[in-house]
Amino acid sequence: MTPSEVLQIANENGARQVDVRFADIPGLQHHISYPIGELTEASFTDGFGIDGSSIRGWAAINESDMLLIPDPTTAFMDPFMETPTLVMIGDVRDPLTRQNYERDPRWIAKKAELYLQNSGVGDTAFIGAEAEFFIFDNIRFDQNAHSGFYFIDAEEGRWNSGRERDNLGYRPRYKEGYFPVPPTDHYQDLRSEMVNVMERCGLVIECHHHEVATAGQCEIDQRYDTLVKSADNMMTYKYIVRNVANQYGKTVTFMPKPLFGDNGSGMHVHQSIWRDNKPLFAGDGYAGMSTMALHYIAGLLKHARALSAIIAPTTNSYKRLVPGYEAPVNLAYSRRNRSAAVRIPMYSASPKAKRVEFRPPDPSANPYLAFSAMLMAGLDGVLNKYEPGEPLDKDIYDLSPEEMKSVPSMPASLDEALSCLEEDHQFLLKGDVFTEELIETFIDYKRRNEAEAVRLRPHPYEFSLYYDI
């Protein structure tokens with residue numbers, strides 16, 4: 001849409017407010033609203049002034065003035081606000097130089113697309129991300145100097161099977177929640193409403209279903225799109241999922257591992273490179289892949305431990321990425337083995353369907369940074385012609401200890417992942433897509449505010465282990 005078309009849509013829908021949104025470094029979306037009269041065609045070049053000093057990972061207070069430039073191609077009417085509100089995603093710029101702000105995650109994603117085009121490898125990266133989430137009925141948590149706890153309850157949680165009152169019994173067993181029909185699947189109607197709202201807001205949805213865990217683990221799959229558009233769509237997807245659930249009196253979390261002893265939530269990311277509207281990953285190699293695709297896989301595997309800090313960026317991420325479960329911690333590739341970090345889907349023989357599925361990411365990741373970093377790793381493999389080695393087509397549980405030693409794995413903690421990123425990030429700096437300053441800021445923020453903060457606090461289970469020691 002053009003600016004004039006956006007203004008026309010606002011007028012046709014009786015918009016009274018315009019809401020412009022952007023993401024911080026960790027991936028939380030923020031917004032600022034203006035009366036609709038403040039939005040003119042000039043706003044799409046002049047932008048709106050904002051204070052960036054309190055945004056996580058952004059400028060110091062002495063350099064806090066920013067411009068927020070709305071992108072007309074992202075416009076939709078907010079489906080939740082009582083006051084008719086037009087929504088757009090904005091790009092952040094420096095008000096003095098008018099240059100894009102280097103710590104704006106969306107600008108990093110745009111630079112990744114430009115780097116692909118300038119590399120000569122292809123002109124378009126398509127990304128399809130599958131973000132899982134939990135639907136709970138009640139959540140309590142707190143942490144202070146003398147106590148720390150969390151408490152989750154969910155009507156669908158298997159632990160409520162022994163409840164005396166208001167108990168109709170149908171609940172997924174632990175690790176047996178994949179695809180049950182209602183009434184065991186409690187949330188068919190709720191997910192359908194989420195999909196309806198998503199489609200009204202311009203998202204293209206392919207399917208939805210219950211996931212493996214008990215207690216309302218779900219997945220709604222979007223159609224793939226270009227890198228920046230897919231990241232925009234993921235931010236809108238999260239917004240809609242949370243708000244529809246809230247309207248139903250439910251709460252949603254995208255935490256990777258909220259429940260002990262059951263499956264966590266991943267965000268498998270499907271990736272492919274195209275040129276001139278033709279897919280480049282189809283060929284006559286392993287699993288019908290091209291040489292380029294295998295080099296791309298090799299790049300993902302070579303840099304996976306460094307990528308982990310960006311694509312699995314929380315301390316909670318490494319409660320999911322644990323060896324011995326279905327979690328994809330093994331840095332290998334396979335056409336069907338879901339414990340491998342890279343899987344090659346075999347649902348279709350069509351060249352257009354040939355893609356790489358990277359399985360370690362989870363939905364706590366900032367999609368702009370995560371999609372960009374994966375593309376940069378894959379392109380590094382293509383440009384340097386890295387070889388991925390032999391595929392891991394055996395059942396991981398059938399491998400001998402000696403065979404397992406030859407299969408590298410993802411880091412075991414956020415702190416380890418951040419150290420891997422410190423040691424291996426030159427591939428991210430190509431084409432100035434990521435900057436040294438941005439990576440240093442990211443590592444410092446994550447280490448100081450998350451990894452260190454969790455490490456310093458007593459864990460509730462430590463009292464069970466050690467109180468009487």
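Residues numbered from 1 in each chain as written. Predicted model: local features only at pLDDT ≥ 70, side-chain atom pairs only at ≥ 80, totals over all residues. Heavy atoms only, no water.

Engineer: Which residues make up the pattern of salt bridges, and what values do they have?
Structural biologist: Under the criterion given, the structure shown has 24 salt bridges. Residues Asp78 and Arg21 are paired through a salt bridge, measuring 2.8 Å at the closest nitrogen-oxygen approach. You can see Asp78 sitting in the loop between β5 (76–77) and β6 (85–93) and its partner Arg21 sitting in strand β1 (residues 17–23), a full 57 residues away along the chain. According to the relative accessible area criterion, Asp78 is buried, its value standing at 7%. A salt bridge links Arg106 to Asp71, with the shortest nitrogen-to-oxygen separation between them at 2.9 Å. On the criterion of sequence distance, the pair formed by Arg106 in helix α3 (residues 105–119) and Asp71 in the loop between β4 (65–70) and β5 is long-range, its members being 35 residues apart. The two residues Arg106 and Asp71 agree in class, both being buried. What you see here is one network of salt bridges that share partners, running through Asp71, Asp91, Arg106, Lys110 and Asp232. (Salt bridge = Lys/Arg side-chain N within 4 Å of Asp/Glu carboxyl O. Helix = DSSP H or I, 4+ residues; strand = E, 2+ residues; numbered from the N terminus. Buried < 20%, exposed > 50% of the residue type's maximum accessible area, 1.4 Å probe, protein only.)

Engineer: Break down helix α4 (residues 188–200) for me, with residues and values.
Structural biologist: Taking 1.5 Å per residue as the helical rise, α4 with its 13 residues ought to reach 18 Å, and the 19 Å between its terminal C-alpha atoms agrees with that figure. Buried within α4 we find Leu190, Arg191, Met194, Val195, Val197 and Met198. For α4, the buried positions fall inside an angular range of 165 degrees around the axis, keeping them on one side. Away from the buried face of α4 by more than 90 degrees, exposed residues Asp189 and Arg200 are located. Those residues of α4 that are buried lie in contact with β7 (124–136), β10 (205–210), β11 (217–222) and α5 (227–247). Remark: Gly202 follows α4 within two positions and exhibits a positive phi of approximately 100 degrees. (Expected span 1.5 Å × (residues − 1). Arc of directions from axis to C-beta. Contact = heavy atoms within 4.5 Å.)

Engineer: Provide a residue-level description of the state of the cysteines, including the pertinent values.
Structural biologist: Counting across every chain of the model gives zero disulfides. Left unpaired, Cys201 is separated from the closest cysteine sulfur, that of Cys218, by 19 Å. Using a relative accessible area of 10% as the deciding quantity, one classes Cys201 as buried. A residue is classified by how much of its surface remains accessible, and Cys218, at 0% relative accessible area, is buried. (Disulfide = S-S within 2.5 Å.)

Engineer: I'd like a rundown of unusual backbone geometry, residues and numbers included.
Structural biologist: Look at the link from Pro182 to Pro183: it is a cis peptide, with omega at 10 degrees. Within the element layout of this structure, Pro183 appears in the loop between β9 (148–153) and α4. The residue Asp166 is not glycine, and still its phi comes out positive at about 50 degrees. By secondary structure assignment, the location of Asp166 is in the loop between β9 and α4. For Lys385, which is not a glycine, the phi torsion comes out positive at approximately 55 degrees. Within the secondary structure, Lys385 is located in the loop between α9 (367–383) and α10 (401–405).

Any functional reading would require information that these geometric values do not contain.
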